[in-house]
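Chain by chain, the residues run as shown.
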Amino acid sequence: MLSRFQSIISKTVLICLAIFTTVVLVQMGQFYTVNYLKVEPVLAILVFLCAIIFISGIGFFLYRIKDTDSNLNRLVLISLLLVFAIGAIIWLQMVPQDQVSDFKAFWKTAPKALDGKAIFNYDNDYFAKWAYQTGFLVYVMTVVKIFGHHVIALQLLNVVYQVVILLLVYKLSLQIFKQVKLARLAVFILMIDLDWLALNSQADNQYLGMMLFLLTFYLIMKNKYCSYILAGLTLGIGSIVRPIGPVIIAGIIVYGILYLMIEDNHFNLSGILKVLMTLVIYQMVFSGASLAIKNSGLNSYGLTNRDSEWKFVVGLDANSNGSYDQRMVDRFDLKSSRGKMSIKEHQIIHENINNLNATKGWLKLFWNKNATLWSGRSMAIDFTGLETKHSLRTSNFIKLVGYMGTVSLIILSWIGSLKLFKMKWNNKLFLIVLPLMAYAVVQLLIEVQGRYRLEFLPVIAILAGLGLYSICEWTSLKWGKSNV
């Protein structure tokens, strides 16, 4: 009975995943048609065909390399990681060193904080209303303290985190699918996504947070008491530097209840106790860090979010499709007290909801927000200021090439999500899928930006790896199999 219940839930999640990837695929097609095919059809088609040839060629080559020799497997993996690291460093030389947007706030504030200066001037300032960002500020301060105020140190550390992320994608793929060739392909399809790589030039907390969250998944999959303890530590630190912990925790809890507490058609209380141990350690780490920041005098608000309403002010704005809009910002006096700002924010939220109800605009808003987050360009390349160092034509071409990485991930992950219905899957799959689905739902209500998908692109890449592996497997069976 319990196994049947678990099976029904699993298939329901896979159906939701397939619907999600199908919607994203359709939206990607719409975006590519409107923004590229109708503007420069010859260039758009040529770049798309080149991307298909490149991915198919390299992908099939990696698939053909035999996986029975562990030393050869390590050599292939190291080669992929080395190629990526070299490419990532070359990218750092191509883009400006200037920090922009929120990244600039971290980079400019860190040396002042080290000199003992206040990190905010009034209670509605950046680090006052979004005090939870102080966790990453401490990280930037630490880097500046050790290496000096040289942005290259932060950038190279980002490259290191990206390499570790690729390694974790490899390890997670092996845990879930037990296929070395599939794991190689997952690494390959993520490492060529320039939209994912691009923000390593900025003081961005996404790569460090991403690495720690993926490491948390891997430790839980190891299913040992010591690994659950370490998972609590990595989850806590990850949430300190990148505050999307609640979404990750929600996925872990559901996974624990459905796949650790129910095992072999029986209740296994030790499974849920292990998860609870992880969450207790997480809470101790996060609360301890918040208290330490308070006591240090760096931020009297600790790691709290004192402006959770703002995400809904923007996220429920039909005029901007839930994205940042300067016109909305201009409606507020940003130097008002937090109390006055909060009253105004609640007023705007009610206006947005009434407008959506009156126009029956909820479905349209959700559709457009999903497209912004998952289907269009991530805008990560735009945040690098690439166009200030290169011509407009060159910048636009690089952005188009970067978007091909997104297109590849979307198409191949769609194929991968469908392939799951025709294979025997490991329940560990749901440890990465459940947080992804939770994140996708939460983002329907709050502010969206294309770059907010970066944390979950490794999960998409694992599904894409399955998709590319399925294509290579079908091709090999149809045209004859050979290994090198």
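All values reported here derive from a predicted model rather than from experimental measurement.

Colleague: So what's going on with unusual backbone geometry? Residues and values would help.
Modeller: You will see that Ser101, though not glycine, has its phi angle at about 55°, which is positive. Considering the arrangement of structural elements, one finds Ser101 in helix H4 (residues 101-114). Located in the positive-phi region is Asn321, a residue other than glycine, with phi close to 55°. Relative to the assigned elements, Asn321 resides in the loop between helix H14 (308-315) and helix H15 (326-329). Residue Asn321 is classed as partly exposed on the basis of its relative accessible area of 28%.

Colleague: Any details on helix H12 (residues 245-260)? Residues and values, ideally.
Modeller: Listed as buried for H12 are Gly245, Val247, Ile248, Ile249, Gly251, Ile252, Tyr255, Gly256, Leu258, Tyr259 and Leu260. Looking at the buried side of H12, the elements it contacts are helix H1 (2-37), helix H10 (206-222), helix H11 (225-241), strand E1 (262-263), helix H13 (269-296) and helix H19 (429-442).

Colleague: Outline the packing of aromatic side chains, listing residues and values.
Modeller: Given two aromatic rings, one states the distance between the centres and the angle between the planes to describe the pair. Considering all chains together, one arrives at 28 aromatic pairs under this definition. Between the aromatic rings of Tyr126 and Phe127, the centroid separation amounts to 4.9 Å while the plane-to-plane angle is 80°, which identifies the pairing as edge-to-face. Pair check on accessibility: Tyr126 and Phe127 agree, each one buried. Considering the side-chain rings of Tyr259 and Phe430, the 4.8 Å spacing of their centres and the 5° angle between planes classify their relative orientation as stacked. Remark: Phe430 occurs in helix H19 and Tyr259 occurs in helix H12; sequence separation between them is 171 residues. Each member of the pair, Tyr259 as well as Phe430, carries the same accessibility label: buried. An aromatic cluster of three or more residues is present, and its members are Phe106, Tyr126, Phe127, Trp130, Phe136, Tyr139 and Tyr161. The cationic tip of Arg451 hangs over the ring face of Phe383; the distance from NZ or CZ to the ring centre is 5.4 Å.

Colleague: Give a detailed account of H13, specifying residues and quantitative values.
Modeller: Each α-helix winds once per 3.6 residues, and so residues spaced three or four apart point in a common direction. Between the first and last C-alpha of H13 there are 40 Å, a value that for 28 residues agrees with the 40 Å anticipated at 1.5 Å per step. Buried within H13 are the following residues: Gly271, Ile272, Lys274, Val275, Thr278, Leu279, Ile281, Tyr282, Phe286, Ala289, Ser290 and Ile293. At its buried positions, H13 is contacted by helix H6 (134-147), H11 and H12. One or two steps after H13, the chain reaches Gly297, where phi turns positive at roughly 85°.

Colleague: If you had to explain the pattern of salt bridges to someone new, which residues and values would you point to?
Modeller: All told, the structure shown has eight salt bridges when counted by the stated rule. Ionic pairing is found between Asp204 and Arg451, a salt bridge with its closest N-O pair at 4.0 Å. Taken together, the residues span a long stretch of sequence, with Asp204 in the loop between helix H9 (194-197) and H10 and Arg451 in the loop between H19 and helix H20 (457-479) at a distance of 247 residues. This pair shows no difference in class: Asp204 is buried, exactly as Arg451 is. Residues joined by salt bridges that share partners form a network here, namely Arg377, Asp382, Glu387 and Lys399.

Colleague: Break down the nonpolar core for me, with residues and values.
Modeller: If you look at the biggest cluster of nonpolar residues, it comprises 160 residues, and the most contacted ones within it are Trp91, Ile165, Trp196, Trp310 and Trp374. It is helix H7 (residues 151-177) that provides the largest number of residues to this core, a total of 14 residues. Beyond its immediate chain neighbours, meaning those up to four positions away, Trp196 contacts Phe84, Gln162, Ile165, Leu166, Leu190, Tyr207, Met210, Leu454, Leu457 and Pro458.

Colleague: Before we move on, could you go through a nonpolar patch on the surface and cite the residues and values that matter?
Modeller: Nonpolar side chains collect at one region of the surface, where Ile15, Ile19, Leu418 and Phe421 lie side by side and expose about 360 Å² of accessible area between them. In this structure, Ile19 sits in helix H1. What makes Ile19 exposed here is its relative accessible area of 51%.

Colleague: Just give me the short version of the packing of helix H3 (residues 70-94) against H7, but keep the residues and values in it.
Modeller: Put simply, H3 and H7 touch, their axes get as near as 10 Å, and they point 150° apart. On the basis of their axis angle, the class for H3 and H7 is roughly antiparallel. Regarding H3 and H7, the two cross each other, and that crossing is right-handed. Along its contact with H3, which presents Asn73, Leu77, Leu81, Phe84, Ala85, Ala88, Ile89 and Leu92, the element H7 presents Gln155, Leu156, Val159, Gln162, Val163, Leu166, Leu167 and Tyr170. Within the contact of H3 with H7, the residues separate by chemical class into 13 nonpolar, three polar and no charged.

What counts and what doesn't
Residues numbered from 1 in each chain as written. Predicted model: local features only at pLDDT ≥ 70, side-chain atom pairs only at ≥ 80, totals over all residues. Heavy atoms only, no water. Helix = DSSP H or I, 4+ residues; strand = E, 2+ residues; numbered from the N terminus. Buried < 20%, exposed > 50% of the residue type's maximum accessible area, 1.4 Å probe, protein only. Contact = heavy atoms within 4.5 Å. Phe/Tyr/Trp six-rings, centres within 6.5 Å; stacked < 30°, edge-to-face > 60°. Lys NZ or Arg CZ within 6 Å of the ring centre and 35° of its normal. Expected span 1.5 Å × (residues − 1). Salt bridge = Lys/Arg side-chain N within 4 Å of Asp/Glu carboxyl O. Core = buried A, V, L, I, M, F, W, Y, C linked by side-chain atoms within 4.5 Å. Patch = residues over 30% accessible without salt bridge, like charges linked within 9 Å, V, L, I, M, F, W, Y side chains within 5 Å. Areas by Shrake-Rupley, 256 points an atom, 1.4 Å probe, with all protein chains shown as cover. Axes fitted to C-alpha atoms, helices over the stretch in contact; angles between N-to-C directions. Parallel < 35°, antiparallel > 145°, perpendicular 65-115°, else oblique. Left-handed = near helix turned anticlockwise from the far one by under 90°. Nonpolar A, V, L, I, M, F, W, Y, C, P; charged D, E, K, R; others polar.

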